[in-house]
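So the chains spell out like this:
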Amino acid sequence: MRARIVKLPRLFTAAVFALIASCVHSMRPESDLHRVAMPVLEKPLVETYPPPEQPQDPVKAAVFERINRDRVAQGLTPVNWDAGASRVADAFCAQQVREKTRGHYLMDGLPPYARTGFAGIFGLGSENSISWITTSTWADQNLTALGLSGHDRMMEERPPKDGHRRTILDPDATHVGVGYFVRGGRFQMSQEFLVRRLDRLALSVRSGLPLLAVEGRVLAPDRIQFVTIAREPKPAPLTQAEANARTTYSFPEPDEAYVPEGSLGMSVVGTVTRDRLRMRKDREFFFVYRPADAGLYTFVFYVACEGRMPKQGGSATVLFE
């Protein structure tokens with residue numbers, strides 16, 4: 001049998017649980033087991049593909065329209081509005097203003113993909129963030145004009161310092177949520193772009209078990225191909241200066257991958273590959289995960305239709321302690 005090597009495109013039942021639990025407790029002492037700390041999984045965290053809608057806020061509506069105007073001008077498809085991502089962006093901007101931070105990090109040290117993942121937003125994200133600061137106040141200013149001005153400044157970037165522009169014009173992006181916050185002399189805006197190719201994703205744990213259960217369904221015509229898993233240390237709190245100094249971010253490199261059960265000849269380059277991804281009918285999939293160490297784990301889901309290269313379809317980030 002010829003081994004199938006998969007190179008990453010880019011970066012970024014009760015009886016079953018009873019059986020797994022028995023194996024876990026027999027293999028490792030209780031003190032070595034790591035449980036899910038975030039997101040809160042007192043009940044399953046489930047997200048489904050967002051329904052079509054338009055932003056009602058005039059600032060968000062204007063920036064959303066400008067984003068799609070610029071994408072269409074470059075021959076790209078428009079992105080859909082994402083209300084969930086917009087809520088995350090609003091909360092992020094408000095906290096930035098309270099902390100007097102800027103960029104992509106708050107003083108809690110969480111990277112952007114953990115922020116969206118902990119909120120139950122499971123698209124694969126890219127974030128733009130921009131600040132306006134004045135010694136007076138924005139109370140009498142046209143906030144829509146400010147939002148559009150911030151977007152236009154990002155579109156004016158040129159290589160090699162054009163990261164914001166490339167995020168706006170990412171051909172893989174399917175959705176965007178815009179958020180903002182204004183207080184006194186500070187106007188803060190964030191654009192959360194997402195790649196969404198999952199129809200549904202659910203995270204859960206069983207009481208007393210140190211296991212994360214992941215189940216989902218892929219949008220037609222694609223099917224799940226594999227899942228990569230990357231670990232990084234638990235984020236440490238940052239000072240205001242440290243948060244402001246972190247002006248860029250990237251997804252961590254994976255070192256594990258799960259492929260469909262029985263795919264013993266399939267290997268994802270750069271990872272320890274295991275066939276632990278259970279395929280179900282109607283493009284559904286399921287797996288359980290038990291980490292070897294505490295830390296922040298990011299799962300990226302790769303999908304494809306038959307005969308095509310795998311592409312990123314979504315992500316989830318989980319903190320184990």
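Before any of the text, the structure's been laid out above.
This report concerns the structure included in the present document.

Cut-offs applied
Residues numbered from 1 in each chain as written. Predicted model: local features only at pLDDT ≥ 70, side-chain atom pairs only at ≥ 80, totals over all residues. Heavy atoms only, no water. Core = buried A, V, L, I, M, F, W, Y, C linked by side-chain atoms within 4.5 Å. Buried < 20%, exposed > 50% of the residue type's maximum accessible area, 1.4 Å probe, protein only. Helix = DSSP H or I, 4+ residues; strand = E, 2+ residues; numbered from the N terminus. Contact = heavy atoms within 4.5 Å. Expected span 1.5 Å × (residues − 1). Phe/Tyr/Trp six-rings, centres within 6.5 Å; stacked < 30°, edge-to-face > 60°.

1. With respect to the nonpolar core
Next, step 1: Ile-67, Ile-168 and Met-189 are the most contacted members of the largest nonpolar core, which totals 24 residues.
Next, step 2: Those elements that provide at least two residues to this core are helix H2 (58–73), strand E5 (124–133), helix H5 (143–155), strand E6 (175–183) and strand E7 (186–195).
Next, step 3: Ranked by the residues each element gives to this core, the list is headed by H2, at five residues.
Next, step 4: Not counting residues within four places of it along the chain, the set of residues in contact with Met-189 comprises Val-63, Cys-93, Asn-128, Ser-129, Ile-130, Gly-147, Gly-150, His-151, Met-154, Val-178, Gly-179 and Tyr-180.
Next, step 5: Judged by nonpolar contacts, the second largest core, of 23 residues, contains Leu-198, Leu-203, Leu-277 and Tyr-297.

2. Looking at helix H3 (residues 83–99)
Next, step 1: The first and last C-alpha atoms of H3 sit 24 Å apart over 17 residues, in line with the 24 Å expected at 1.5 Å per residue.
Next, step 2: Within H3, twelve of the 17 residues are buried, which leaves the element mostly enclosed by the surrounding structure.
Next, step 3: Taken together, the buried positions of H3 are Ala-83, Gly-84, Ala-85, Ser-86, Val-88, Ala-89, Phe-92, Cys-93, Ala-94, Gln-96, Val-97 and Glu-99.
Next, step 4: Lys-100 occupies a position one or two residues after H3 and carries a positive phi of about 60°.

3. Observations concerning the environment of Leu-143
Next, step 1: Its place among the elements puts Leu-143 in helix H5.
Next, step 2: Taking C-alpha positions, Leu-143 is 9.0 Å from Pro-58, a pair spaced 85 residues apart along the chain.

4. Some thoughts on the packing of aromatic side chains
Next, step 1: All told, the structure shown has 13 aromatic pairs when counted by the stated rule.
Next, step 2: Taking 5.8 Å as the distance between ring centres and 40° as the angle between the ring planes, the aromatic pair formed by Phe-285 and Phe-301 counts as tilted. Residue Phe-285 is located in strand E14 (residues 284–289), and its partner Phe-301 is located in strand E15 (residues 295–304); the two are separated by 16 residues in the primary sequence. In this structure, Phe-285 and Phe-301 share a single accessibility class: buried.

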